[in-house]
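Here's the letter readout for the chains.
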Amino acid sequence: MEALELLTSRVSIPKLRAPAPSKDVMAQCYQAAMRAPDHGRLKPWRFIHIEGDGLDRLGQLYLDAENFDSVKDAGIEVSEVRQQKLLSMPKRAPLIVIVVAKVEQHPKVPREEQLMAAACAAYGLSVAVYDQGFGCMWRTGELAYHPLVKTGLELEENEEIVGYLYIGTPDCRPKTPKPEDLSQFVKTF
Ligand SMILES: Cc1cc2nc3c(=O)[nH]c(=O)nc-3n(C[C@H](O)[C@H](O)[C@H](O)COP(=O)(O)O)c2cc1C
């Protein structure tokens, strides 16, 4: 696909199924993500690639995190229905890539810029996946910021989850984005 067409037609795909992109395709997509703009060449990001059993373990982490909060706040574990929902949440796609920002102290590159660079890497990965004929949906939610989830994923103190990229084969018809009214977004100074 031409680059401009790719960028203007990209949409999130909320319903995804197997197969996930192959290892080779993902290697190319990760390479594309690594070309994110990056002040200071810090490459302040990394990727956690999760398929198969890893998705089950991620669901268990979600459940442990919510149970911890529920017991602390209300003295009871979450309902059976909620348990099943949490366990199955990562199964919404055959592959999840967690994009992690690694923020370091730097005299010229503040935390915000490092987070922005990591978000650019996440976007780059999502666009590359789309280019290869697969779908992607960037999600966060409370479970992206929960300390137990971060510990369970072995994140360091200086690391943060920028997004869960759900990736797979589209299982719904993609939206067709309409051109935007640029006068609302672009002003000449
Ligand atoms: C940082 C970030 C976090 C997001 N978190 C969620 C989320 O938790 N749940 C969700 O439904 N969409 C989330 N989104 C939005 C979707 O990824 C998507 O962009 C949105 O549904 C609009 O669809 P589109 O990308 O096709 O325009 C998030 C987007 C970003 C950039």
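Please read all numbers here as calculations on a predicted model, not as lab measurements.

Reading the values: the criteria
- Residues numbered from 1 in each chain as written.
- Predicted model: local features only at pLDDT ≥ 70, side-chain atom pairs only at ≥ 80, totals over all residues.
- Heavy atoms only, no water.
- Salt bridge = Lys/Arg side-chain N within 4 Å of Asp/Glu carboxyl O.
- Helix = DSSP H or I, 4+ residues; strand = E, 2+ residues; numbered from the N terminus.
- Buried < 20%, exposed > 50% of the residue type's maximum accessible area, 1.4 Å probe, protein only.
- Lys, Arg positive; Asp, Glu negative; His and termini not counted.
- Polar contact = N/O pair within 3.5 Å; in protein donor to acceptor, adjacent residues only side chain to side chain.
- Contact = heavy atoms within 4.5 Å.

A.B. asks: What am I meant to see in the pattern of salt bridges here?
C.D. replies: Side chains that differ in sign of charge can pair as their charged atoms come close. Under the defined criterion, the tally for this structure stands at six salt bridges. The salt bridge involving R17 is made with D171; its shortest N-O contact spans 3.6 Å. Placement of R17 in strand β1 (residues 16-17) and of D171 in the segment after β5 (159-170) is noted, with a sequence separation of 154 residues between them. Here R46 makes a salt bridge to E159, at a shortest N to O gap of 2.7 Å. In this pair, R46 sits in strand β2 (residues 45-51) while E159 sits in strand β5, placing the two residues 113 residues apart along the sequence. Looking at R46, the relative accessible area reads 27%, which means it is partly exposed.

A.B. asks: Quick question: what am I supposed to make of the side chain of D38 here?
C.D. replies: Structurally, the position occupied by D38 is in the loop between α2 (23-33) and β2. Although buried, D38 forms no salt bridge, and the nearest oppositely charged side chain, K43, lies 4.0 Å from it. Here the side chain of D38 touches K43 through a polar contact of 2.8 Å, landing on its backbone nitrogen. When sequence neighbours within four positions are dropped, the list of residues in contact with D38 reads K43, P44, W45 and A117.

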